[in-house]
Amino acid sequence: MTTTNSDALDPRSTGGGPVLLIGGSRGLGLALAEEWVRRGRHVVATVRGSARTPLHDLADAHPDRIEIETVDITEPGQIAALRARLAGRTFDLLFVNAGIATQRDDSVAQTPTDDFVRVMVTNALSPLRVIEAFEDLVEPTGTIGVMSSGQGSVANNESGGHEVYRGSKAALNTFMRSYAARHAGQPRTLVLMAPGWVRTELGGEGARLTIDESIPNVVRTLDGLQGSPGLHYVDYLGRTVPW
Ligand SMILES: NC(=O)c1ccc[n+]([C@@H]2O[C@H](COP(=O)([O-])OP(=O)(O)OC[C@H]3O[C@@H](n4cnc5c(N)ncnc54)[C@H](OP(=O)(O)O)[C@@H]3O)[C@@H](O)[C@H]2O)c1
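Residues numbered from 1 in each chain as written. Predicted model: local features only at pLDDT ≥ 70, side-chain atom pairs only at ≥ 80, totals over all residues. Heavy atoms only, no water.

With respect to the pairing of strand S4 (residues 91–96)
On a regular strand, one side chain projects to one face of the sheet and the next to the other, so that they alternate. Of all six residues that make up S4, five are buried, and the element is covered over most of its length. Inspection of the sheet shows strand S1 (residues 19–22) paired to S4 by four bridges, in the parallel sense. Note on S4: the bridge partner recorded for valine 19 is leucine 93. Bridge analysis of S4 against strand S5 (residues 138–147) gives five bridges, and the strand direction is parallel. Its bridge partner lying in S5, leucine 93 is registered against threonine 143. (Buried < 20%, exposed > 50% of the residue type's maximum accessible area, 1.4 Å probe, protein only. Helix = DSSP H or I, 4+ residues; strand = E, 2+ residues; numbered from the N terminus. Pairing = 2+ DSSP bridges.)

Okay, structure coming up:
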């Protein structure tokens, strides 16, 4: 997806304050950053490490709109360091996009323990650590979102496959339900987003949707939920996904 001046939306008509995007180097995260910039929002987006990424090209094209920060969400020390660097900032939206899949499609029992731990720590534990660390930087009526997956639905799991990945997103969903229960009655909007099966490195070439078919809809759905307190598990078209 490329942004040109001609398709840039007028920020005055789209509204929305600053966004903190965790995991914006490539794939869906990069496209989210691009879409928010197109809608006139200021985005602090993170990469891992010091290597140049496509996000750096986007930031070069929009130096006033994108700030690049660094965090590996599986490293609590890096989360704390980023939190310290962002002290005093506020965001309308915190969105945790970072996630991984297993390279192989073993059953859960066949999965090497290291692979199991890596996926669970990255997809289920670390997003909650990020949310707990940054929640006080999000406006009280703002939104905290996480990239889940339709595969995180326990109810819809009738075809099986991708067992560990599915399990990690189902665990993420459950941890967000526990988080929401702990914050019941608060005005914040909480979102678990299922972006559809999308052609990225993770989604693969055979995926049903292009990034352009998913991400503008993801952003539209997030905007539409703004100001709706409580936890929503929705897909890119705003349809509720069964738990
Ligand atoms: N594509 C799909 O069909 C699909 C469907 C449902 C849900 N999702 C979810 O959408 C999210 C993005 O997926 P994608 O398809 O865009 O995958 P991707 O192209 O593989 O990108 C993954 C992103 O997550 C970042 N990341 C991974 N581990 C990280 C860590 N420990 N700390 C910080 N950042 C980390 C990566 O950074 P690096 O560049 O440093 O590796 C990259 O920016 C994931 O949560 C995925 O589970 C994707």
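Observations regarding the site of the ligand
As a structural note, the neighbourhood of the ligand is formed by 28 residues, with Ser25, Arg48, Tyr165, Val198 and Thr200 the closest of them. A distance of 2.8 Å separates an oxygen atom of the ligand from a polar backbone atom of asparagine 97. Burial of the ligand by the protein chains amounts to 93% of its free accessible area of 900 Å². Contributing elements (two or more residues each) for the shell around the ligand: helix H2 (27–38) and helix H6 (163–182). A breakdown of the residues in the shell around the ligand according to their chemical character gives 11 nonpolar, 12 polar and five charged. (Near = heavy atom within 4 Å. Polar contact = N/O pair within 3.5 Å; in protein donor to acceptor, adjacent residues only side chain to side chain. Areas by Shrake-Rupley, 256 points an atom, 1.4 Å probe, with all protein chains shown as cover. Nonpolar A, V, L, I, M, F, W, Y, C, P; charged D, E, K, R; others polar.)

Some words on the side chain of threonine 143
Along the chain, threonine 143 falls in strand S5. Given a relative accessible area of 1%, threonine 143 falls into the buried group. Side-chain polar atoms of threonine 143 contact the side chain of glutamine 226, separated by 3.0 Å. If sequence neighbours within four positions are ignored, threonine 143 has contacts with Asp92, Leu93, Leu94, Val138, Thr189, Val191 and Gln226. (Contact = heavy atoms within 4.5 Å.)

What about helix H7 (residues 211–225)?
Compared with the 21 Å implied by 1.5 Å per residue over 15 residues, the 21 Å span of H7 between its first and last C-alpha is a close match. Every buried residue of H7 is accounted for by Ser214, Ile215, Pro216, Asn217, Val218, Val219, Thr221, Leu222 and Leu225. Tucked inside the fold, the buried residues of H7 contact H2, S4, S5, strand S6 (189–194) and strand S7 (230–235). Among the residues trailing H7, glycine 227 stands out with phi positive, at a value near 85°. (Expected span 1.5 Å × (residues − 1).)

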